[in-house]
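# Examining the three-dimensional arrangement
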Amino acid sequence: MASTLSTLRARLGRITRSRAILGTLAAVVVLAVAGTTLGYSALTTTVTLSLDGESREVRAMGGTVGDVLESEGIEVGKHDIVAPGVEEEVSDGSKISVRFGRPLEVTIDGETQTYWVTSTEVDDALDEIGRSFAAARLSTSRGALISRSGLELEVVTPKKLTFAIAGRKPVQKTVTALTVREALRAMKVKVDDLDQVRPGLKTEVEDGDKIVLTDIRKETRRVEGERIDFSTEEREDASIYEGEEKVEREGRAGSRDVTYRLTYRNGEVVERKVVKQNVTAKPVSRIVLVGTKEKPAPAPAAPAPNYAGGDTVWDRLAQCESGGNWATNTGNGYYGGLQFSASTWAAVGGTGLPHQHSREEQIKRGQILQSRAGWGQWPHCSSQLGLR
């Protein structure tokens with residue numbers, strides 16, 4: 001029993017000594033921590049750090065902007081903007097601004113170019129690169145955000161184009177379009193499958209281009225009782241003289257019910273095709289007999305009137321009256337070399353008209369007239385010739 005008590009006293013002594021040592025160690029740790037905290041506070045700087053416009057206060061060790069950024073794990077690339085510079089010293093209350101560069105891939109009417117910008121919104125980025133595109137169409141809103149990875153932006157600019165639509169007079173309009181299809185859509189022109197567009201709908205347009213749309217349309221149309229024209233059939237006939245014809249049977253038109261497929265080009269019919277028909281009355285052809293009988297030889301022609309001139313008093317009178325032209329018909333009611341009127345010619349036994357007869361016949365009738373009434377029938381010329 002005595003040995004047991006001795007063992008317990010020894011163990012209690014060791015525990016007491018251990019607690020004293022632990023207390024001393026705890027006091028040392030507290031003093032070390034307090035000293036470290038005071039040292040850290042003395043070695044760090046509190047600054048306002050702005051990243052792409054979003055600010056926060058940070059406490060970092062180091063005396064330069066670069067030290068602060070490194071302590072915050074911020075890496076700066078060649079397209080980033082840091083103000084003040086990374087080598088600049090900082091102190092409590094300093095402000096550091098970092099604007100990260102980001103790629104803006106701009107495709108303008110199919111042509112692509114990449115810009116590096118620090119703006120976080122599209123509108124600001126366009127101002128940054130000096131391209132506002134005020135009247136253009138953008139693939140995203142101007143207020144859209146641009147992430148650190150960048151943004152692809154498509155821009156379609158306004159273009160002055162000439163439109164010739166469905167055969168109408170060409171007009172010039174300014175539209176915001178990249179392709180022919182978009183330009184026609186901007187003009188509120190509907191393009192059907194059969195329409196012809198030049199250049200093609202997928203063609204990219206440029207300022208000054210001309211777009212021609214030909215309106216092609218097809219439709220079916222039914223016509224009832226349509227007239228069918230009759231044909232003419234010619235038959236040779238040996239009982240009729242050559243060059244002569246005789247109608248043996250008159251033609252008669254027929255009729256039909258017919259369905260057409262019509263093709264229109266800019267509103268005008270350019271093709272008419274029969275797709276179905278029902279003949280309700282057949283046409284009757286017209287029969288014409290064509291003569292093949294040889295004509296008899298013509299009778300010999302009467303000798304031509306002799307209008308030859310002479311040197312008689314009648315020739316001189318005719319020279320005065322008609323210039324010596326025995327065949328003249330001046331249209332003034334007087335005919336031939338001696339200028340007979342039709343009534344006077346008939347009164348002296350002439351037939352037809354004077355200018356249709358020979359010189360001799362006209363002189364003969366003139367002599368009859370002179371014997372009855374003297375030279376006074378030709379008052380002017382007979383006086384000129386001294387015949388009165």
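Counting from 1, residues in each chain are numbered in the order their sequence is written. The model is predicted, so local features are restricted to residues of pLDDT at least 70 and side-chain atom pairs to those at 80 or more, both for listing and for counting; the totals for chains, interfaces and linings are taken over all residues. Calculation of side-chain values draws on the structure's entire complement of heavy atoms; hydrogens and water are dropped beforehand.

## Quick look at the overall build of the protein
Secondary structure elements follow DSSP: runs of H or I of four or more residues count as helices, runs of E of two or more count as strands, with numbering from the N terminus. Counting secondary structure elements, the protein contains 8 helices and 20 strands. Buried positions account for 31% of the 388 residues belonging to the protein. Nonlocal contacts in the protein, meaning residues at least 24 apart in sequence, comprise 51% of its contacts between residues at least 6 apart. Computed by Shrake-Rupley with a 1.4 Å probe, the accessible areas treat only the displayed protein chains as cover when residues are assessed. Carbon and sulfur atoms form 49% of the exposed surface of the protein, whose accessible area is close to 24800 Å². Remark: exposure states derive from per-residue accessible area (1.4 Å probe, protein chains only) relative to the maximum for the residue type, with buried under 20%, exposed over 50%, and partly exposed in between. Residue contacts follow a heavy-atom distance rule, with two residues in contact if any of their heavy atoms lie within 4.5 Å.

## Notes on the pattern of salt bridges
The working definition used for a salt bridge is a side-chain nitrogen of Lys or Arg within 4 Å of a carboxyl oxygen of Asp or Glu. Within this structure, the stated rule accounts for 17 salt bridges. The salt bridge partner of E224 is R222, with a shortest N-O separation of 3.5 Å. For E224, a relative accessible area of 60% translates into the label exposed. Salt bridges linked by common partners bring R217, E219 and R221 together as one network.

## Some details on the state of the cysteines
Disulfide assignment relies on a single distance test, namely cysteine sulfur atoms paired within 2.5 Å. In the structure shown here, the tally under the stated rule is 1 disulfide. Across the disulfide, C320 is cross-linked to C381 (sulfur-sulfur distance 2.1 Å). Taking the torsion about the S-S bond as the criterion, the C320 to C381 disulfide, at about -80°, is left-handed. Placement of the pair is C320 in helix α5 (residues 313-322) and C381 in helix α8 (residues 379-384), with a sequence separation of 61 residues. C320 sits in the partly exposed class, given a relative accessible area of 31%.

## Points about the sheet that holds strand β2 (residues 54-61)
Spatial strand order, β2-β1-β4-β3: 4 strands in an open sheet with mixed pairing. In the strand order of this sheet, the two ends are held by β2 and β3 (81-83), each with one partner. The mean angle between the axes of side-by-side strands here comes to 25°, regardless of whether they run parallel or antiparallel. By this definition, two strands are paired if DSSP reports at least two bridges between them. Here 3 bridges tie β3 to strand β4 (residues 95-99), and the two strands are oriented antiparallel to one another. Along β4, the bridge assignment pairs A83 with S97. Helix axes use the C-alpha atoms of the stretch in contact, all axes being lines fitted to C-alpha atoms, and the angles between their N-to-C directions lie in the range 0 to 180 degrees.

## Quick look at α5
Where α5 is concerned, the buried positions are W314, D315, L317, A318 and S322. Along the axis of α5, the buried residues cluster in a sector spanning 160°; they form a single face. In this fold, the buried residues of α5 make contact with α7 (359-373) and α8. Immediately beyond the C-terminal end of α5, within one or two residues, lies G323, with a positive phi of roughly 75°. To be clear, the arc concerns the directions from the helix axis to the C-beta atoms.

Honestly, that's just the spatial picture; any functional story needs more than this.
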